[in-house]
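Analysis of the macromolecular model
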Amino acid sequence: MPASSPHNPFAGWLRAHAVPLTHLDPAAPLDDLEPLREVIGGARVVAIGENSHFITEFSLLRQRLLRFLAERCGFTVLAFEYGFSEGFPLDAWAQGQGTDDDLAAQLAAAIPVGVEEPLRWIRRHNATAEAPLRFAGIDIPAAGGSLLPALAPVADYLRQIDPEALPLVQQAMRIAESFAGASAASAAPAWTRLAAAEQDALSAILMRLLIRFRAVEVLYVSRGDRHSYDIALRRLEAACHADYGFRAMAGLYAGTGLTADTSARDVYMAGSVLWHLERFGPGTRIVLAAHNAHIQKTPVSFNGHLTGLPMGQHLYHSLGDDYVALALSSITGHTADMRPDENARFGFAVDNTKLEPPEQGSIEAAFADAGLGLSIADLRRARHEVPGPDRIRIQSAYVHTPVLEAFDGILTTPASTVSGDIQM
């Protein structure tokens, strides 16, 4: 832990204003989370982040926060960094369809990013709740690993609504199947090995389908219904954004990429949140679970280089103060560093990396200087009172950003532990 810095005014501010939390246990009483009420106010979307996937403490905190926001603040939907298309059967399960054991099979092919326990809690909650909680996926299919979870339902839709266009989507699926993986980490390298003609054919087919969907919307709705059309269109858009992402990632790794070109995934996720917010109807309030780097309200930069415009920036632009971003971070412990490994199950390996002492200038260093453990801070209150940190952890590295502008609040744990359930 870094030595206490008398020249860190933000640490002094935290010492005076941060509120200690008493529990990590998701089933524990929720009274210690009451200070969150002031942070979230009447926001329609409250995002809960994490500085790394696969961290036990962050998973437990998220479950507690979901309970608090649902049971005490009236939130109605959990939206998760999970495929938009794949989210619909999970919502049906959470509403009581099937058996308790069915969930494991539905999640068997997905990266274990912590969605299982919240879903099980929602199903138990809905068994007795007057107003059921809903679940919503927001992401491109298979974390960018395969277009098929989005395109297969589009093919089913066209089979009924526009059989003439069915061969187009079937051709796209044949190409997509040739490089499909469990995540973008495995699919992106395989995509680069496709012939350029195949890459270009896939992009052209998807764009033709997308324009046709929009051009003949009235015809499609007349042959079916508005709800089915909206879902099919959004699934097709997911495939288009994922396809764009393969090109963006190839350019990034080759050193020829355009500035912030990997933002295509984040703008899709932001659009999905707004899509669900509109279609779940009046009074909808969404708890949004995603990585800190997706929920922050400011651009993502590493070492002075702009790398992405995150989902949170788009949501803040659309919703203003109706969007609240809560970061989760830790002071010490271990993190789950991911590195490409095409032989691993999901295309990447997870290293259980011991965290170095927080860098001075980071919000983690300020919490350490303040001598704080498990606690919450309302960062909005500090914006006009004290200079804030200029970086926040992402795994074992740092995103450089004005943290007080990027997030409205932060919850920190004294230590973090990589989940023992991760098997890559």
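A brief report on the enclosed structure follows. (Residues numbered from 1 in each chain as written. Predicted model: local features only at pLDDT ≥ 70, side-chain atom pairs only at ≥ 80, totals over all residues. Heavy atoms only, no water.)

**Digging into the pairing of strand 12 (residues 397-400)**
In summary, the side chains of a regular strand alternate between the two faces of the sheet. This is how it is decided: Two strands form a pair only when DSSP identifies at least two bridges running between them. Secondary structure elements are taken from DSSP: a helix is a run of H or I of four residues or more, a strand is a run of E of two residues or more, and numbering for both begins at the N terminus.
Relative to strand 12, strand 11 (residues 391-394) runs antiparallel, the two being bridged by 4 bridges. Note on strand 12: the bridge partner recorded for arginine 393 is tyrosine 398.

**Quick notes on the packing of aromatic side chains**
Aromatic ring pairs are described here by two measures, namely the spacing of the ring centres and the angle between the planes. How we decide: When two rings of Phe, Tyr or Trp (its six-membered ring) have centres within 6.5 Å they constitute a pair, described as stacked for plane angles under 30 degrees, edge-to-face for angles over 60, and tilted for the intermediate range. Exposed residues in this analysis have more than 50% of their type's maximum accessible area, buried residues have under 20%, and partly exposed residues fall in between, with area computed by a 1.4 Å probe over protein chains only. Charges are assigned to positions over rings by a cutoff of 6 Å between ring centre and Lys NZ or Arg CZ, combined with an angular limit of 35 degrees from the ring normal.
Summed over all chains, the structure comprises 13 aromatic pairs. Note on phenylalanine 84 and tryptophan 275: the rings are 5.1 Å apart at their centroids and 90 degrees apart in plane angle, and the pair reads as edge-to-face. Separated by 191 residues along the polypeptide, phenylalanine 84 in helix 4 (residues 84-94) and tryptophan 275 in helix 13 (residues 264-279) bring together distant segments of the chain. Each member of the pair phenylalanine 84 and tryptophan 275 is classed as buried. The interplanar angle of 20 degrees and the centroid separation of 6.3 Å between the aromatic rings of tryptophan 191 and phenylalanine 246 together place this pair among those described as stacked. Taken together, the residues tryptophan 191 in helix 9 (residues 184-192) and phenylalanine 246 in helix 12 (residues 226-254) connect sequence positions 55 residues apart. For the pair formed by tryptophan 191 and phenylalanine 246, the shared burial category is buried. Within the aromatic cluster, the residues linked to one another by ring pairs are Tyr157, Phe213, Tyr220 and Tyr229. Above the ring of tryptophan 93, the side-chain terminus of arginine 123 is found at 4.5 Å from the ring centroid.

**Considering unusual backbone geometry**
If you check the backbone angles, phenylalanine 54 has positive phi at about 70 degrees while not being a glycine. Among the secondary structure elements, phenylalanine 54 is positioned in the loop between strand 2 (45-48) and helix 3 (56-71). Here phenylalanine 54 falls in the buried class, since its relative accessible area comes to 5%. Of note, alanine 142 is a non-glycine position whose phi angle comes to about 50 degrees, a positive value. Tracing the chain through its elements places alanine 142 in the loop between strand 4 (134-139) and helix 7 (148-161).

So, to be careful, I would describe these as geometric facts and stop short of saying anything about function.
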